[in-house]
Amino acid sequence: MPHTPFPPSISSPHPLQTLTVSAAILRPISASTSIMSPSLDDAVVSRVESAWEHWKKIGNPRLIVAPMVDNSELPFRMLCRKFGAQAAYTPMLHARIFGESEKYRDEEFTTCEEDRPLFVQFCANDPDILLEAAKKVEPFCDYVDINLGCPQRIARRGNYGAFLMDCLPLVRSMVQKLALNLQVPVSCKIRIFPDLEDTINYAKMLEEAGCSLLAVHGRTRDQKDQRKIRADWEAIRAVKNVLKIPVLANGNIRHMEDVESCLKITGADGVLSADALLENPALFAGYRTAEWAGSGVESDLDQADLLVEYLKFCEKYPVPWRMIRSHVHKLLGEWFTAQPQVREELNAQNRLTFEFLYGLVDQLRQLGVRIPLYKRDENVSEVAINGN
């Protein structure tokens, strides 16, 4: 399949705030409430078997790019894949706008043949609207994912993401709607409850409703400062121990030693990394930023090299300039600290061009700026990389 421009964009002023909800399914229940009829047991067993067959079919990916609004777009996914990522999520897409706006779809969702395995993630709070959006992407992905973990204020106002933890009947109905009507599996990405038992019951409910893969971010929705609050890998382990479907772990993945430790502690089937990849898209190839270098040795690769690779992918697979600008700042943040006038030149540009951005990299190099990435050990864990 060629480059496939297709659905989504959050470029209009905060469209994520505009989700509508059916009042009939807003009745809250506790996470411990049983919501599955025993008559569904056989169907669940069959679904679990299918979940594992599909996971194996796509190669048991263990190193996965997490969904990031405006940041896990096609060029960035392709960059991460070039440096070891084995699967990736799209940015969170707004289901209602995705279904209504061709412009949104064309700007916000693009893919290509090499962009697999791929999770396409939606935020929603209406099962029918979610299904309409999901139907548009199912030919181009391996999972349709429901965002149940966004903790930001905009998600509270729009009543989606982690704030649907207060409305579990609605969550259940969305999962069931997709599971019964799509040809590809349904996955969900969640945050944990403060109480472990609530988290376990929540995860079991999602599995019973039709979720074929669950990604668990080991923080509550109130724990937003990822640098100060460590993800709870033990909670993820508890979820993995009770579920029958594949489980992914999210949180505290900053380098490959974290990958290995997380897989060992949680027993998860793979890991997701987000913010650390923005600074170091070569993380899954064993590279580290100086912050996590430890006793590592300086490599020939640096973030400017990665930016150049990213820009080449952007020329091949066009995306909105706001996304490109964001990645330039993430990748060259420390470089700009050394030469702040270069950052000011970037910020002064109302309209970016590739010529300007390549020139900006050249300018930093001419000024003598180079902050290398590090390699700690060439013998990166075979278990982590190969998924065996």
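Since the structure is predicted, the reported quantities are computational estimates derived from the model, not experimental observations.

Student: Is there a simple way to think about the environment of F163 in this case?
Tutor: Structurally, F163 is set in the loop between α6 (153–158) and α7 (168–181). We classify F163 as buried; its relative accessible area is 7%. Considered as a pair, F163 and P151 are 12 residues apart in the sequence and their alpha carbons are 7.2 Å apart. If we skip the residues at most four places from it in the chain, F163 touches C150, P151, Q152, A155, R156 and R221.

Student: I keep staring at the confidence of the model for the protein and nothing clicks. Help me out?
Tutor: For the protein, mean pLDDT is 88; residues scoring 70 or higher make up 85% of the total. Every residue in residues 5–38 scores below 50 in pLDDT, and together they form 102 contacts with partners more than four places removed in sequence or on other chains.

Student: So what exactly am I meant to see when it comes to the pairing of strand β14 (residues 372–375) here?
Tutor: Looking along a regular strand, one sees side chains alternate from face to face of the sheet. Residues of β14 alternate between two faces, with P372 and Y374 on one and L373 and K375 on the opposite face, all of them buried. The pairing of strand β12 (residues 287–288) with β14 spans two bridges and is antiparallel. Its bridge partner being in β14, R288 is matched across the sheet by Y374.

Student: Help me understand the packing of helix α12 (residues 303–316) against helix α15 (residues 354–366), please; the structure alone is not making it clear to me.
Tutor: In a pair of packed helices, the angle between the axes and the distance between the axes together describe the arrangement. Running from N to C, α12 and α15 cross one another at 170°; their axes reach a closest spacing of 11 Å. The orientation of α12 relative to α15 falls into the category roughly antiparallel. Contacts between α12 and α15 involve A304, D305, L307, V308, L311, K312, C314 and E315 from the former and F354, L357, Y358, V361 and R365 from the latter. Here the contact of α12 with α15 is composed, by residue class, of nine nonpolar, no polar and four charged.

Student: How do you make sense of unusual backbone geometry when you look at a structure like this?
Tutor: Backbone geometry follows two general trends: most residues other than glycine have a negative phi, and most peptide bonds adopt the trans configuration. Residues R116 and P117 are joined by a peptide bond in cis, for which omega reads -5°. Position of P117 relative to the elements: it lies in the loop between β5 (109–111) and β6 (118–123). A positive phi is found at N60, a non-glycine position, where the angle reads about 50°. With respect to the helices, strands and loops of the structure, N60 is situated in the loop between α1 (41–57) and β2 (63–65). Assessed through its relative accessible area of 26%, N60 is described here as partly exposed. Unusually for a residue other than glycine, D70 sits at a positive phi of about 65°. Following the sequence through the fold, D70 ends up in the loop between β2 and α2 (74–82).

Student: Would you explain the nonpolar core in this entry?
Tutor: A general tendency of soluble globular proteins is for nonpolar side chains to be buried together. By size, the foremost hydrophobic cluster in this structure holds 124 residues, and its most contacted members are F122, L148, Y202, L206, L214 and F284. With sequence-adjacent residues up to four places away left out, F284 is seen in contact with L63, I64, V65, F83, G84, A85, I253, M256, V259, V271, S273 and L277. M92, C150, I154 and F163 belong to the second largest nonpolar core, which has seven residues in total.

Student: Sorry, what's going on with the pattern of salt bridges here?
Tutor: What the rule picks out here adds up to 18 salt bridges. R96 is the partner of E100 in a salt bridge, and the nearest nitrogen-oxygen pair spans 2.7 Å. Here E100 pairs with R96, and both are found in helix α3 (residues 95–100), just four residues apart, close to one helical turn. With a relative accessible area of 58%, E100 lands in the exposed category.

Student: Could you clarify how one ought to interpret the packing of aromatic side chains in this entry?
Tutor: Aromatic ring pairs are defined here through the distance separating the ring centres and the angle between the ring planes. Tallied over the entire structure, the rule returns seven aromatic pairs. Measuring from centroid to centroid gives 6.5 Å for F98 and Y104, while their planes differ by 85°, and the two rings are edge-to-face. Classification of F98 as buried rests on a relative accessible area of 0%. Taking the centre distance of 6.4 Å and the plane angle of 50° together, the rings of F98 and F109 count as tilted. Here F98, found in helix α3, pairs with F109, found in strand β5; they are 11 residues apart in sequence, far enough to count as distant. Exposure class is identical for F98 and F109. Each is buried. Put simply, the rings of F98, Y104, F109 and F122 pair up and form one aromatic cluster. When the ring centre of W233 is taken as reference, the NZ or CZ atom of R230 above it lies at 5.6 Å. When the ring centre of Y287 is taken as reference, the NZ or CZ atom of K375 above it lies at 4.5 Å.

Scoring rules and cut-offs
- Residues numbered from 1 in each chain as written.
- Predicted model: local features only at pLDDT ≥ 70, side-chain atom pairs only at ≥ 80, totals over all residues.
- Heavy atoms only, no water.
- Helix = DSSP H or I, 4+ residues; strand = E, 2+ residues; numbered from the N terminus.
- Buried < 20%, exposed > 50% of the residue type's maximum accessible area, 1.4 Å probe, protein only.
- Contact = heavy atoms within 4.5 Å.
- pLDDT = per-residue confidence, 0-100.
- Pairing = 2+ DSSP bridges.
- Axes fitted to C-alpha atoms, helices over the stretch in contact; angles between N-to-C directions.
- Parallel < 35°, antiparallel > 145°, perpendicular 65-115°, else oblique.
- Nonpolar A, V, L, I, M, F, W, Y, C, P; charged D, E, K, R; others polar.
- Core = buried A, V, L, I, M, F, W, Y, C linked by side-chain atoms within 4.5 Å.
- Salt bridge = Lys/Arg side-chain N within 4 Å of Asp/Glu carboxyl O.
- Phe/Tyr/Trp six-rings, centres within 6.5 Å; stacked < 30°, edge-to-face > 60°.
- Lys NZ or Arg CZ within 6 Å of the ring centre and 35° of its normal.

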